[in-house]
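# Examination of the molecular architecture
So the chains spell out like this:
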Amino acid sequence: DSTYDHANGQMQQAAAEADNGDGGAGICPKCMVLPIKAGAEALDRTDDLAQAWLYAGDVGADVIVSTTADLGYSTFMNQAVNKLWRDGVVMVESSNDFNSTDHQGGMFHPHVLPGNGLVSNAAGTNTVPGGFSNVITTTYRARSSYPEWGTHNMFVGATVGGTTSESTPTIGGVMGLLLAYGKEAGLADGPLSGQEAIQVVRDT
C-alpha cells in the first residue's frame, strides 16, 4: 500500500533480503514472504481472518505472521487455529497496543504466539515516558509500555519502539529462521515441526 506502509514495514522486519543495497536485513532474510490480505488492514473480521490463515496453511506456510486486530472471535477461527497447530504451522499474531488485558488474537487463542515487545532502556528499570526507548540498550528486561500483558505472553521481541507491529514480525522471523535452519541441517528425524521450533526457542 503506497499510502499506508504498515504491512510493508512488517514484511521487511520479518524477512527483508540481506546484502542487496536496499535497506537493512530482516530477521529471516532468506525466508519467502507471501502477503495475504484478510481485510482492511489491520482490522479484520474473525471469519475473514480464519480463511486467510487456512489459505496460508494450504499453500505451505511454515509461519503465519498476522498483525491484525480481530473484530470478534468465532468457533471457525478457533477451529482454524487448531487445524494449523496440528499441521505444525507456527502462528504469531499481534496482541494490542493498549497496555491492558483487552486481548487480541495473539493473547486469546491457544497455540498462537502473541507479539509483545521489550524496549532498550539505559536506566535498566523503567521505560521512557511515551513508550519510546533510550538509544542504548543495557537490558532486555524493560517491558514495552505498549502491548498487552497476561499469562499467555510466552516470548517477547527486542524492538526499537516496542509496539506489537514491531514485535509480531520479529518473533515470526525468529521462528522462520529456526525452521529454515532445521530444514538445512539435515536432522536425522527430519525438519523441525512448528511445535518443536517453539520448544527449542523456549528452552534456549
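Here we summarise the structure given alongside this text. (Residues numbered from 1 in each chain as written. Predicted model: local features only at pLDDT ≥ 70, side-chain atom pairs only at ≥ 80, totals over all residues. Heavy atoms only, no water.)

### Some words on helix 1 (residues 6–15)
- Those residues of helix 1 that fall on the buried side of the exposure criterion are His6, Gln10, Ala14 and Ala15. Projected down its long axis, helix 1 carries its buried residues within an arc of 130°, all on one side.
- The inward-facing, buried residues of helix 1 abut helix 5 (164–184). (Buried < 20%, exposed > 50% of the residue type's maximum accessible area, 1.4 Å probe, protein only. Helix = DSSP H or I, 4+ residues; strand = E, 2+ residues; numbered from the N terminus. Arc of directions from axis to C-beta. Contact = heavy atoms within 4.5 Å.)

### As for the side chain of serine 95
- Positionally, serine 95 belongs in the loop between strand 4 (90–94) and helix 4 (105–108).
- At 3.0 Å, the side chain of serine 95 forms a polar contact with the side chain of asparagine 116. (Polar contact = N/O pair within 3.5 Å; in protein donor to acceptor, adjacent residues only side chain to side chain.)

### Here's the deal with the state of the cysteines
- Applying the stated rule across the entire model yields 1 disulfide.
- The disulfide that involves cysteine 28 links it to cysteine 31, with 2.0 Å between the sulfurs. One disulfide, between cysteine 28 and cysteine 31, carries an S-S torsion of 65° and so falls in the right-handed class. (Disulfide = S-S within 2.5 Å.)

### Focus on the packing of helix 5 against helix 6 (residues 194–203)
- Taken N-terminus to C-terminus, the directions of helix 5 and helix 6 make an angle of 110°; their axes are 10 Å apart at the nearest point. In terms of axis orientation, helix 5 runs roughly perpendicular to helix 6. In contact with Val174, Met175, Leu178 and Leu179 of helix 5, helix 6 contributes Gly194, Ala197, Ile198, Val200 and Val201.
- When its residues are assigned to classes, the contact of helix 5 with helix 6 shows 8 nonpolar, 1 polar and no charged. (Axes fitted to C-alpha atoms, helices over the stretch in contact; angles between N-to-C directions. Parallel < 35°, antiparallel > 145°, perpendicular 65-115°, else oblique. Nonpolar A, V, L, I, M, F, W, Y, C, P; charged D, E, K, R; others polar.)

So yeah, pure geometry; function would need other evidence.
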